[in-house]
Amino acid sequence: CAARAALRRAPQARRLHTCRSVAAPIAPVEMKPPANLHGFKLLREEYVAEYDAKVFLFEHEKTGAEVMSLSNDDENKTFGVTFRTPPANSTGIPHILEHSVLCGSRKYPIKEPFVELIKGSLNTFLNAMTYPDRTCYPVASCNLQDFKNLVDVYLDAVFHPRCMTNEKTFLQEGWHYELDSPEGEMTFKGVVFNEMKGVYSSPDSVLAREAQQALFPDNTYGVDSGGDPRVIPDLSFEEFKAFHGKFYHPSNARLWFYGDDDVEERLELLDSFLSEFEREDVDSSVATQPFFAEPKRVVASYVAGEGEEQQKSFVQVNWLLNDGPFDQETALAVGFLDNLLMGSPAAPLRMALEESGLGEAIVGWGLEDELRQPTFAIGLKGVAKEDIPKVEKLIEETIASIAKEGFTQAAIDSSVNTIEFSMRENNTGRFPRGLSLMLRSLSAWLYDGDPVMPLRFEEPLAQLKKRMAEEDVFRPLIKKLLIDNTHQVTIELNPDKAMAKAQDDEEKARIAAYRAGLSPEEIEKVVAETEELKRLQETPDSPEALACVPTLLVSDIPKEAKSIPTDVTAVGATEMLTHDIATAEILYAEHLMDLHAVPMELMPLVPLWCRAMQRMGTAKRDFVEFDQTIGAATGGFSLSPFASSIRGTDDVAAYLVLRGKSTAANAGVLHDLMAEMLLEAKLDDREIFKQLVLESRAGAESRVQSGGHSVAAGRLDAMDSVAGYVNEQLGGLAQLEYLKVLAERVEKDWDGVVADLEAIRAAVVARAGSVTNLTADAKTLESTASAVESFLNALPATGAGAATEPWSSSLVLPSMNELITVPTQVNYVGKGANLYAAGYDLHGSAYVINKLLGTTWLWDRVRVSGGAYGGVSDFDSHS
């Protein structure tokens, strides 16, 4: 699942992977299928120009397993095996199985091959994800030998897991009764059980689950594949084994390869696993949800804490859009419609809700098309109970008004450019491109559609643009999908302060009833089983057993780290960094201004100032026109604060970062718009600012509930470093407390708030201490240099009213233990210390120790034995 992905990557979160492209021996367009297909037959052969990739679709003749093989010059190789795994109930079988198959296999008979791989792999992605109807096991690496190792371990894990014969893995990852002594308290414990208690503590997660299950009451989406904590203890080991036996079979598998590795070697490796199996008729189809004859309504509750701000409701309107995946042109059209309605702050449906004053933040966020049938959802959270009907009426009337009046040409041009820019850029950040394409392909492939179709966009985009020039594409779509659509569900989610205790009492009563039915001998047996499970969990694998895990030799690892080409010069008072890298004639520009100039008492206001600068329009044009101009001519830009300790000193790097991108031809427009925002943005719209405060507060409250470990880490850092203190003001618990006060101040002292906002601009928007960071190929850097220089010259030389006192090293929170209470069923704990203050000199050993802690002690004792969802160790060498 997504949360699982985030935590499993956490031990490696600070490692930046830079993968270079290398020349392929044969251009992808000219590639031929291998002479030896190793038990496969070639079904299709195509060239996908959008990604300069040769595609071969193979079928394993013996088992029927399908393989999508993409070859291009991307060194970041990707593999994935995906099974359709539709559950029949909410016991969480797919999720528990996703955890369990990675706990040892036939070829790798140790407790945690997954963790052993993390210790020594150069992977750029290593995870597993449970969806409502599928389970995916993807890996990626730039190192060929490492990639082969990862694929081998994962294939053995899914087809030959030890958890089929080792019930202890099921008890550990799923659920079990835990009792340390006959007189002790009996509890439920299990990694997935505890994870899902955390998920069910998040109101946003509760809303999403209620919406999905209400939209799909008659198929597999009507249950929770992740597992409902109240239902997980109903799952038996026999059911668990039967689920794997049915669905984890090659005949139900879709396998994916991408990158610059050899196609024949891919097939040879796969056949070595698949050929052991015979073809089976696996019924894993996802049934179509029939459309409702009339709209429905669901009223549910979520766990609420104390305080008036906690007593707010959620309301969300949801539609089922189609009886299956859209064809590619329709999918593009609906994607454009989604962007027009919701894709930017100037989009009319989004703007109507955000500016209504009826709630604190948007929920739903429009189109969801990863499942068999696409849906659309929109609503608000932080709504007063009496305002729920007003929100529903506003959504209905706004959609009706848009369907009647249509979109302006400026809005359409902006949306088209925004989506087209994103498609052509294909910038997935740290997420491997091959994995992004795999998930895209699965949107059709998983449901027996064309796996190549979702990878193409040039032809359907051209056809759609031609249609848009000849007819109104979007008003009929709105009418069909949203107005005349009777498959509509409204979810009303209300706070319940008694719910947490009721859930806890229900769980204790269930355990008590079970315990009451046990004899003294049976209670002793539970104690013995608890002790035995802990003993196995805490007993390490022998060195002889660990020797089975493939590791990289020193000779497999490049002796020199890959570097990014960097030239450092000066343009006036600005330090200029340029990076000559092929970017398809796109300029990536970052302009950093010195955040030290902002007085510390105004620092907590900086995040809201950044949002306000982009939300109220400028002296030259209103907000809608400004936003649409950005969308029509650029790839967008953003404004945000940044602060970090500087290794080896007590100084702090702190900047306001203006980050934007555009084609080389539009670099001048990009920089003119950025200058217009910095120098001429309006900051005097109280209603807009009030909404931004409420949205930010709602987001901060949600982060505390679902990411308490990050909140704890931030507090610890703030006690130990100036940069940590500044970041706590900008985005931690201190920011949340500040937002609560600011919401009141907006009502009582708006003129004072505006004065503070203008004071921030006057102080920080300046050339003094600025840094500009540009990335593009040499030709683009040269052709855009004048636009960049004109932008820099437009900035004031120094800030007015800028802070002059350096930040004191004593600017930290008091060092003390803290306890923070939040309405959640799980606890988050953090602990930290300053190694430098203890006399440590930076040495490579700390990085090794940190990784060792995260993948041994913390994993074994906190996660495996303790049943926690995750335990993370982080070494910050800068602070």
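A brief report on the enclosed structure follows. (Residues numbered from 1 in each chain as written. Predicted model: local features only at pLDDT ≥ 70, side-chain atom pairs only at ≥ 80, totals over all residues. Heavy atoms only, no water.)

### Notes on the overall build of the protein
Scanning the protein for helices and strands turns up 30 helices and 21 strands. Taken over the C-alpha trace, the protein has a radius of gyration of 28 Å; the compact-globule value for 879 residues is 29 Å, and the two agree within 12%. Projected onto its principal axes, the C-alpha coordinates of the protein cover approximately 75 × 70 × 65 Å. Split into buried and exposed, the 879 residues of the protein put 53% on the buried side. The contacts of the protein with a sequence gap of at least 6 include a subset with a gap of at least 24, amounting to 80%. Within the structure as shown, the protein displays about 37800 Å² of accessible surface, and the carbon and sulfur contribution to it stands at 52%. Between the mean site of the 84 positive side-chain charges and the mean site of the 132 negative ones, the protein shows a separation of 1 Å. (Helix = DSSP H or I, 4+ residues; strand = E, 2+ residues; numbered from the N terminus. Rg over C-alpha atoms; globule rule 2.2 N^0.38 Å. Buried < 20%, exposed > 50% of the residue type's maximum accessible area, 1.4 Å probe, protein only. Contact = heavy atoms within 4.5 Å. Areas by Shrake-Rupley, 256 points an atom, 1.4 Å probe, with all protein chains shown as cover. Lys, Arg positive; Asp, Glu negative; His and termini not counted. Charge placed at Lys NZ, Arg CZ, Asp CG, Glu CD.)

### Quick word on the sheet that holds strand S12 (residues 313-320)
Strand order in the open sheet formed by five strands is S11-S15-S12-S14-S13, and the pairing between neighbours is mixed. Among the strands making up the open sheet, the edge pair consists of strand S11 (296-303) and strand S13 (361-368). For this sheet the average axis-to-axis angle between neighbouring strands, irrespective of direction, equals 15°. Sheet analysis places S12 next to strand S15 (residues 488-496), joined by six bridges and oriented antiparallel. (Pairing = 2+ DSSP bridges. Axes fitted to C-alpha atoms, helices over the stretch in contact; angles between N-to-C directions.)

### Re the packing of helix H26 (residues 733-748) against helix H27 (residues 750-764)
Direction vectors running N to C along H26 and H27 enclose 115°, while the axes themselves pass 6 Å from each other. Between H26 and H27, the crossing angle belongs to the class labelled roughly perpendicular. Seen from H26, the contacting residues are Leu742, Arg745, Val746 and Lys748; seen from H27, they are Trp750, Gly752, Val753 and Asp756. Looking at the contact of H26 with H27 residue by residue, the class counts come to four nonpolar, one polar and three charged. (Parallel < 35°, antiparallel > 145°, perpendicular 65-115°, else oblique. Nonpolar A, V, L, I, M, F, W, Y, C, P; charged D, E, K, R; others polar.)

### Regarding the nonpolar core
Core analysis: the largest hydrophobic core is formed by 86 residues, its most contacted members being Phe376 and Phe407. For this core, the leading source of residues is helix H10 (residues 328-342), giving eight residues. In this structure Phe376 touches Val317, Asn318, Trp319, Leu321, Asp338, Leu341, Met342, Leu349, Gly366, Leu367 and Leu482, once residues within four positions along its chain are discounted. In this structure, Val115, Tyr200, Phe237 and Phe273 belong to the second largest nonpolar core, which totals 71 residues. (Core = buried A, V, L, I, M, F, W, Y, C linked by side-chain atoms within 4.5 Å.)

### Looking at the environment of Val391
Mapped onto the secondary structure, Val391 falls in helix H12 (residues 388-405). Val391 has contacts with Val315, Leu353, Leu358, Leu380 and Val383, leaving out every residue within four places of it along the chain.

### Let's talk about the packing of H10 against helix H13 (residues 409-425)
Their axes nearest at 10 Å, the elements H10 and H13 cross at an angle of 120°. Here H10 lies oblique to H13, going by the angle between them. As H10 runs across H13, the sense of the crossing is right-handed. Residues Leu332, Gly335, Phe336, Asn339 and Leu340 of H10 pack against Ala411, Ile412, Ser415, Val416, Thr418, Ile419 and Met423 of H13. Tallied by class, residues from the contact of H10 with H13 come to eight nonpolar, four polar and no charged. (Left-handed = near helix turned anticlockwise from the far one by under 90°.)

### Considerations on the pattern of salt bridges
For the structure on display, the rule yields 57 salt bridges. Here Glu355 and Arg615 are joined by a salt bridge, their closest N and O atoms 3.4 Å apart. With a gap of 260 residues between them, Glu355 in the loop between helix H11 (348-354) and S13 and Arg615 in the loop between helix H20 (606-613) and helix H21 (623-633) connect regions that are remote in the sequence. Looking at Arg615, the relative accessible area reads 6%, which means it is buried. (Salt bridge = Lys/Arg side-chain N within 4 Å of Asp/Glu carboxyl O.)

### Some points on the environment of Gly222
Here Gly222 lies in the loop between helix H7 (203-215) and helix H8 (237-247). Under the relative-accessibility criterion, Gly222 is labelled partly exposed at 21%. With residues up to four places along the chain from it excluded, the contact list for Gly222 reads Gln213 and Phe216.

### A closer look at the sheet that holds strand S16 (residues 567-571)
Here we have six strands laid out as an open sheet, ordered S16-S17-S21-S18-S20-S19, and mixed in their pairing. Each edge of the sheet is formed by a strand with only one pairing partner; in this case those strands are S16 and strand S19 (637-645). The mean inter-strand angle of the sheet, taken between neighbouring strand axes irrespective of direction, is 25°. Lying over the sheet, helix H22 (residues 667-680) contacts strand S18 (586-594), S19 and strand S20 (652-663), oriented at roughly 135° with respect to S20.

### Things to note about the packing of aromatic side chains
Across all of its chains, the model carries 29 aromatic pairs by this definition. Seen from their ring centres, Trp175 and Phe188 are 5.8 Å apart, and the 80° between their planes marks the pair as edge-to-face. Taken as a pair, Trp175 in the loop between helix H5 (167-173) and strand S8 (176-178) and Phe188 in strand S9 (residues 187-189) lie far apart in primary sequence, 13 residues in all. Judged by its relative accessible area of 7%, Phe188 falls in the buried class. Pairwise contacts between aromatic rings join Phe83, Tyr137, Tyr154, Phe159, Tyr248 and Phe277 into one cluster. Lying over the aromatic face of Tyr200, Arg209 brings its terminal NZ or CZ to 3.6 Å of the ring centre. One cation-aromatic arrangement involves Arg615 over Phe623; the distance from NZ or CZ to the ring centre is 4.5 Å. (Phe/Tyr/Trp six-rings, centres within 6.5 Å; stacked < 30°, edge-to-face > 60°. Lys NZ or Arg CZ within 6 Å of the ring centre and 35° of its normal.)

### Digging into helix H30 (residues 857-865)
Helical geometry: 3.6 residues make up each α-helical turn, so side chains three or four residues apart lie on a common side. Turning to H30, its buried residues number three or more, namely Trp859, Arg863, Val864 and Ser865. Considered in projection along H30, the buried side chains sweep an arc of 160° and stay on one side of the axis. Taken from the residues just after H30, Gly867 is the one with a positive phi, measuring 80°. (Arc of directions from axis to C-beta.)

### Some thoughts on a negative patch on the surface
A cluster of acidic residues, Glu167, Glu238, Glu239 and Glu529, forms a negative patch on the protein surface. Along the chain, Glu238 falls in helix H8. Take Glu238: its relative accessible area is 53%, and that puts it in the exposed class. (Patch = residues over 30% accessible without salt bridge, like charges linked within 9 Å, V, L, I, M, F, W, Y side chains within 5 Å.)

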